[in-house]
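# Notes for the structure review
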2 protein chains.
Amino acid sequence: MRKGVRLCITGSEVMNGFVLDRNTQFFASELYARGLELVESRIMPDDPQQIVKTWKEFSATGDLIVNSGGLGPTSDDLTVDLLCDWLGDTPVYEPHAEKRTRYFFEKRARDKTRVMSIDVALRQARIPSRATAIKNTVGLAPGIFIPEIPFIALPGFPDEIKGMWAEVLAIIEQLDFNRSAMRIVPLWGVGESQLFSELEKPEGVLVGVHALPWGCRLFLRCEPEHEPALEVLASTLSTRYPGQIVENPLVNVIDSLKRQNLKLAVAESCTGGLAAKQITDLAGVSSVFQGGVVSYANSAKVALAAVPAELIEAHGAVSAECAAALARGVADKLEADISLSFTGIAGPDGGSAAKPVGTVFIGLFDRRNGKTQVGKFFFPFGRERFRNASVATGFLALWQHLEAAQTKPFPLSELN
Amino acid sequence: MRKGVRLCITGSEVMNGFVLDRNTQFFASELYARGLELVESRIMPDDPQQIVKTWKEFSATGDLIVNSGGLGPTSDDLTVDLLCDWLGDTPVYEPHAEKRTRYFFEKRARDKTRVMSIDVALRQARIPSRATAIKNTVGLAPGIFIPEIPFIALPGFPDEIKGMWAEVLAIIEQLDFNRSAMRIVPLWGVGESQLFSELEKPEGVLVGVHALPWGCRLFLRCEPEHEPALEVLASTLSTRYPGQIVENPLVNVIDSLKRQNLKLAVAESCTGGLAAKQITDLAGVSSVFQGGVVSYANSAKVALAAVPAELIEAHGAVSAECAAALARGVADKLEADISLSFTGIAGPDGGSAAKPVGTVFIGLFDRRNGKTQVGKFFFPFGRERFRNASVATGFLALWQHLEAAQTKPFPLSELN
C-alpha cells in the first residue's frame, strides 16, 4: 500500500527568488483535503543530476512522485529527456500536443513576435513512449503519467496545473493510497496552550495546531477506524467554543451586512488603512462599504471623524474615549449604519508604562441602537502582527455583534 | 570552500496547505542578491526522523544548513531537542530569551488569557549548550547558530526571521562561500523586450530579468574576474535610465518629505487603503503622514474630500477631474502640503469600453505652487496586481516630483 505523495519542484527562477513557489501549497491543500499525505516537497534548480538523484530517491519509497516544472521548448526544460534517460525510453510526439503546437507555431510565425524553429517548438509536444499524456488546456506541453513508478510530470505554471487537475485527481483516485479521515477547525480567541489545557485528545486522533494572531487553527486527523472519536472531538469543540469557530469573519461580516442591508465605515489610526485594504481586497463590497478614514495625525481625527480636540487632550488619542468618538464620527461623516475604529500603538516607539506598545482600542458603533462599544487589547508582537491581530479582532467582534453571538472571545464593552 | 546554502523548512501547517511557504523565496532572493547559491529547499512535516535524516544528508555536503520552523514551546516544536540528540548536546536556557519569556508569562498570567505552565513556556528559551543564540526581537524563541556544521535554526514566522536577518547575514559573512559578483537594478517603466532591444550584454555577465507590473528588476551576475564588465553595464544603465533606477520609491518619498518638512495625505478610491497601509507599514512616518481617506462610495468622496457632487456627475468618479479634486480636497481637509489620489476600476466588474477594468487616474497636488497634476494608466492584470501597480506608480511619480527628476517614466500632466 502506498504511503503518500512526494513533490519535486524544479526551476532556477524559484531558486533565485524571482518566483514564489505557490505549487507546493496548491498540491498540499488539494491532497490534504482528500485525506492524502504530502510527505515532502523539494525545490531545486534546473540541474539534471540533482533532479534525477531526487527522483531515484523518491521512487525507492513507493510514493507517488509529482514533478512540477521543466516541460517546455527551451534548453532548460529537461523533464522529458531526463525521464527517457532514466527509464531507457525514447521521446515521441503526443498527437494532440503536436497538432496544437503546430497550430500555434503557424499563428505566431505570422505575428512575427517569436523567433523559434518548429523543431524547437515541437520539443514541448514530446512525452516518453511508455507514458500516458495529461491534456494541457492552457499551455502546449502535455502532462505525463508513468504508472509503473508511479510518476506524474506537470508544468510549472499554476494555471496550467489547475487546468490539468481534474485529470490528475482521476489518476490519483486509481492508485492505492493510505487515506485518513480529517477535519479542520478554525478557533478564534483561543491560544494553543489554553486549548491543550482544556482539551482531552481522544485515542487515535492526531491534533495539529497552527497558532495565529487571532487564535489557532486545528487539524484533526485519524485513521478511518478512529473516525467516530474524531467526530466526538469536533462536536465537543463546537459546544465548548460557540461563536468562535469561523473560517474568515470578514467574509461573514460582508455577507451579514448585505443580508441586513447595512452600510459599513472604518476609522483607522494605528492600523493605517489595513482594515479598509482587507475589506476592498474582496470584490463586490461597494454595495456595503462606504469607505474609511486613516486618521494618523491627531488633527486628522478632528478633521475627518469630528473627534473633539478637547477629548484627545483629556484622554489621549489612544484611549477608549477616542476609539468611541472615532467610530461614531466616521459613521456620521459617511452616513454608515455600522462602523469600526482602531487606535493604538503599533510601535516600535510611542509606548508608555500605562499604554505600552501593542495596546489597541477597538470601537464599534451601531446606529440602530445608537450605542458604541469599545474593547482594549494587547498584541505586543511587532508592528505587522499587531496590525493584523487588531484588524482580525475587530472583524470578529463585528461579526459576533451582527450575528448576536452568545459567546464573545473578544468582548467589547458599552461605553457610557 | 563551501558551495552554498540548503534549506530545511519544517511545519505540518505548510504540508497540509494552510500556510504558504514564503520563506524559501525570502532566503532565495536574499542569498541571490549577495551572490550566494541556494542549492535546495526541502519542505517537510514536523517528523523527527525525516528532519534529522535531511540534516545529516545536508551536513555531508559541507553547505550551510538553514532550518526554518520548530522553535517554540509546544510538543511539535522539535528543533532544539533533535539538534541536541543529533549532536550529543544538552539544552540550556538562553539568558535573554529566558528573561523575556518569564516577563511575558507573568504578564499573561495576570491577564488570565493564557494557561500554560512556566516550564512549558520556557521550552522556547532553550538552545543547545554549544550554540550561539540569534536574538529574536519579535517572538520569544531565539535563533541558533552552530558553527561546526555549519547550521542556523530560525523560527518559521517570516516576521521573526526578518527581525533576525541582520544578525544572520553577519554570520553568513564570516563563512567561506563561493560567491558571484552580483548587482540588482530595479528599473521602473522599462519592459523586458524594450530593455533587450536597447541593451548589449557584455561577455561573461549573466543578465536575469524579472518582469514586474511597474517595469522590471535586473539581476546582473558574473564570476569575480568579470566584475569590471558588470560595473560597466551597471553604469550604462544608470546613464540611460536616470530617475528610473530606485529600489523602493516610497522610502525615498518619506525621506524626501522629512528633509523638506512637508506633510503628506492620500485619497484612495480603487486602491481602498493600500497606499495608506503601505505608508504606515513603515515605522516613524507620523511626522510626515497626516492620514488619508478611503472614499469608496461617491458620497464618501464628497464628504471626506469635498469633491463636488456635480463634478462626479459630469465626469464620473473615474476621471482626471475627480482624481484632481480628490487630491486637492484631501490636502485641504488634512492640511497637507502634498497629496496623492487614486481613482480607477480594479474589477472584476465595473468596466466600460471607454474606461475598461484596469484604468486608473492618479492625482498629485502640491500646495507650494498650488498645482495639481494627473496621469492616466492602464494595469489590466487582475485586482491585486492592479492595486499594487497603481500605488507603486503613484509613489514613483511623487518621488520624481519631490526630487525634480529629469526623466519621468510615469509622467503626470498638469490639469487646467
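Residues numbered from 1 in each chain as written. Chains lettered and ligands numbered in written order. Predicted model: local features only at pLDDT ≥ 70, side-chain atom pairs only at ≥ 80, totals over all residues.

## Concerning the confidence of the model for chain A
A low pLDDT score tells you not to read the predicted coordinates there in detail. What counts, and what does not: A residue's pLDDT is the predictor's confidence in that residue, given on a scale from 0 to 100.
For chain A, per-residue confidence averages 90 on the pLDDT scale, and 96% of positions sit at 70 or higher. Interface confidence for the predicted complex, given as ipTM, is 0.75, next to a pTM of 0.77.

## Some details on the sheet that holds strand S9 (residues 181–188) of chain A
All names here are of chain A. To be explicit about the condition: Any two strands with at least two DSSP bridges between them are considered paired. Under the scheme used here, helices are H or I runs from DSSP no shorter than 4 residues and strands are E runs no shorter than 2 residues, and both carry numbers assigned from the N terminus. Axes here refer to lines fitted to C-alpha atoms; in helices the fit is confined to the stretch in contact. Angles between the N-to-C directions go from 0 to 180 degrees.
Sheet architecture is open: three strands sit in the order S9-S11-S10, paired in antiparallel fashion. Two strands in the sheet have a free side with no partner beyond their single neighbour: S9 and strand S10 (205–212). Strand-to-strand twist across the sheet, computed as the mean angle between neighbouring axes with direction ignored, equals 15 degrees. In terms of strand pairing, S10 meets strand S11 (residues 215–222) through eight bridges, oriented antiparallel. For Val207, the partnering residue across the bridge sits in S11 and is Leu220.

## A few points about the interface of chain A and chain B
For the record, the criterion: A pair of residues counts as a contact when their C-beta atoms, built from backbone coordinates, are separated by no more than 7 Å.
If you look at the interface, chain A gives 58 residues, while chain B gives 60 residues. Across three bridges, the pairing between strand S2 (residues 38–44) of chain A and strand S2 (residues 38–44) of chain B is antiparallel. Across the sheet, residue A:Ser41 finds its bridge partner in S2(B), namely B:Ile43.

## Looking at the pairing of strand S1 (residues 5–10) of chain B
All names here are of chain B. Selection criterion: Three classes are used. A residue is buried when 20 or more other C-beta atoms lie within 10 Å of its own, exposed when 12 or fewer do, and partly exposed in between, with C-beta atoms placed from the backbone.
For S1, the tally of buried residues reaches six of six residues, placing the bulk of the element in the interior. Here S1 shows two buried faces, one formed by Val5, Leu7 and Ile9 and the other by Arg6, Cys8 and Thr10. Both S1 and S2 contribute to a ladder of six bridges, which runs parallel. Residue pairing across strands places Thr10 opposite Met44, the latter belonging to S2. Of the pairings in the sheet, the one linking S1 to strand S3 (residues 64–68) comprises five bridges and is parallel in character. If you follow Val5 over to S3, its bridge partner there is Leu64.

## Overview of the sheet that holds strand S17 (residues 413–414) of chain A
Strand order across the open sheet formed by twelve strands is S17(A)-S16(A)-S15(A)-S14(A)-S12(A)-S13(A)-S13(B)-S12(B)-S14(B)-S15(B)-S16(B)-S17(B), with mixed pairing between neighbours. With one partner strand each, in any of the chains shown, S17 of chain A together with strand S17 (413–414) of chain B form the two edges of the open sheet. As defined by bridge partners, strand S13 (residues 289–294) of chain A adjoins strand S13 (residues 289–294) of chain B across three bridges and the pair is classed as antiparallel. Within the sheet, the bridge partner assigned to A:Val293 lies in S13(B) and is B:Val293.

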